[in-house]
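# Coordinate analysis (summary)
One-letter residues, chain by chain:
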Amino acid sequence: MKSLVFAANWKMNQAPADAALFMRTFVGQYARQTDRRVLFFPPALSLHSVVEAIHDRADLQAGVQNIHWEDSGAFTGEISAGLARGAGARFVLIGHSERRHLFGETEADTAKKVAAALKAGLTPVICVGETLPEREAGETLRVIRRQLRAALEGQEAGVVAGVLIAYEPVWAIGTGRTATPQDAAEAHAALKTELRALGGERSGAVPVLYGGSVNRANVAGLLAVEDVDGVLVGGASLDAEQWLAIVRS
Ligand code: PEP
């Protein structure tokens, strides 16, 4: 049986009190399942509510949605990997399509953020995905392999086995459109091949999550794909009942 990762990206939603209420409902109703981990990516201001709620549950972990690559200093509005780690984060999303497309994050930035995360003891969840024009031009695999290589640029091969990857086609995020299981199978297999090339055989076991309009109705079909090791979920992770249904699938 494969080991699964379910990751909730709350984006700019769930104030501290809402996050605390959500987590009370979730933790009260979700019994640990040995074949899966559940990760929460609240807004940084609500991280404390999540960390407090999951404190003795090793199967539940918290992360942040973004970091700056510098350790500290005059970077108004930013948070460093060390600050996030000190506040209880264990994971960080890097290169989410909204960071790339709305905030101009470059592939070089993703490499600096991966390095900063690893240095501070955060596990990076590296997000890759093609736009619709790139898919239509038959560029999907070339684009996602390039994004993966760029984010891990400069890292020793031994480090690769310690990261997580999320394949999130940009055209599927928040749109209600989901990749077909065949699309996901092809992209995930290509990413696993690239991971092995970068980090050796052990890196073939790096979890590769699928993201893009996942919900309780389509999650089982995606998880049935051999190389899909979990899901990264935005909209459908905001409602505790729907999220419980997804993580139990
Ligand atoms: C995401 O934010 O990573 C995401 C996949 O969003 P949604 O599930 O809403 O498409």
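Residues numbered from 1 in each chain as written. Predicted model: local features only at pLDDT ≥ 70, side-chain atom pairs only at ≥ 80, totals over all residues. Heavy atoms only, no water.

Another point: the overall build of the protein. The secondary structure content of the protein amounts to 11 helices and eight strands. Expected size for 249 residues packed as a compact globule is a radius of gyration near 18 Å; at 17 Å, the protein falls within 12% of this value. Each of the three principal axes of the protein carries a C-alpha extent, and together these read 45 × 45 × 35 Å. Taken over 249 residues, the protein has a buried fraction of 52%. Considering only contacts within the protein whose residues lie at least 6 apart along the sequence, 72% involve residues at least 24 apart. In the protein, 25 side chains carry a positive charge and 28 a negative one; their mean positions are 3 Å apart. (Helix = DSSP H or I, 4+ residues; strand = E, 2+ residues; numbered from the N terminus. Rg over C-alpha atoms; globule rule 2.2 N^0.38 Å. Buried < 20%, exposed > 50% of the residue type's maximum accessible area, 1.4 Å probe, protein only. Contact = heavy atoms within 4.5 Å. Lys, Arg positive; Asp, Glu negative; His and termini not counted. Charge placed at Lys NZ, Arg CZ, Asp CG, Glu CD.)

Since one α-helical turn is 3.6 residues long, residues separated by three or four positions face the same way. In this model, helix 7 (residues 140-151) (12 residues) spans 17 Å end to end at C-alpha, consistent with the 16 Å of a helix rising 1.5 Å per residue. For helix 7, the full list of buried residues reads Thr-140, Val-143, Ile-144, Gln-147, Leu-148, Ala-150 and Ala-151. Axial view of helix 7: buried residues confined to an arc of 165°, hence all on one face. Buried positions along helix 7 lie against helix 4 (97-103), helix 5 (107-120), strand 5 (123-128), helix 6 (132-136), strand 6 (164-167) and helix 9 (181-199). (Expected span 1.5 Å × (residues − 1). Arc of directions from axis to C-beta.)

Taken together, 14 residues lie around the ligand, and Lys-11, Glu-168, Gly-174, Ser-213 and Gly-234 are the ones closest in. One of the side-chain nitrogen or oxygen atoms of Lys-11 is found 2.7 Å away from an oxygen atom of the ligand. Separating an oxygen atom of the ligand from a side-chain N or O atom of His-96 is a distance of 2.9 Å. A total of 290 Å² of accessible area belongs to the ligand in isolation, and the protein chains cover 95% of it. (Near = heavy atom within 4 Å. Polar contact = N/O pair within 3.5 Å; in protein donor to acceptor, adjacent residues only side chain to side chain. Areas by Shrake-Rupley, 256 points an atom, 1.4 Å probe, with all protein chains shown as cover.)

Two numbers describe how helix 1 (residues 16-29) lies on helix 11 (residues 240-247): the axes approach to 10 Å, and their chain directions differ by 35°. Relative to helix 11, the crossing made by helix 1 is right-handed. Mapping the contact onto sequence places Phe-22, Thr-25, Phe-26 and Gln-29 in helix 1 and Ala-240, Glu-241, Trp-243, Leu-244 and Val-247 in helix 11. Here the residues of the contact of helix 1 with helix 11 sort into six nonpolar, two polar and one charged. (Axes fitted to C-alpha atoms, helices over the stretch in contact; angles between N-to-C directions. Left-handed = near helix turned anticlockwise from the far one by under 90°. Nonpolar A, V, L, I, M, F, W, Y, C, P; charged D, E, K, R; others polar.)

For the rest of this paragraph, the subject is the pairing of strand 5. By the criterion of burial, strand 5 is predominantly enclosed, with six of the six residues buried. The alternating pattern of strand 5 places Thr-123, Val-125 and Cys-127 on one face and Pro-124, Ile-126 and Val-128 on the opposite face, and all of these are buried. By the bridge criterion, four bridges tie strand 4 (residues 91-94) to strand 5 in an arrangement that is parallel. Residue pairing in the sheet places Ile-94 in a bridge with Ile-126 of strand 5. Two strands pair when backbone bridges link them, and strand 5 and strand 6 are joined in this way by four bridges, in the parallel orientation. (Pairing = 2+ DSSP bridges.)

Here we take up the sheet that holds strand 2 (residues 36-41). Pairing between the strands of a sheet is mediated by backbone hydrogen bonds and can be parallel or antiparallel. Taking strand neighbours around the barrel as the criterion, the eight strands line up as 1-2-3-4-5-6-7-8 in a closed arrangement whose pairing is parallel. For this sheet the average axis-to-axis angle between neighbouring strands, irrespective of direction, equals 25°. Contacts from helix 1 reach strand 2 and strand 3 (60-64) within the one sheet, and its direction differs from that of strand 2 by about 175°.

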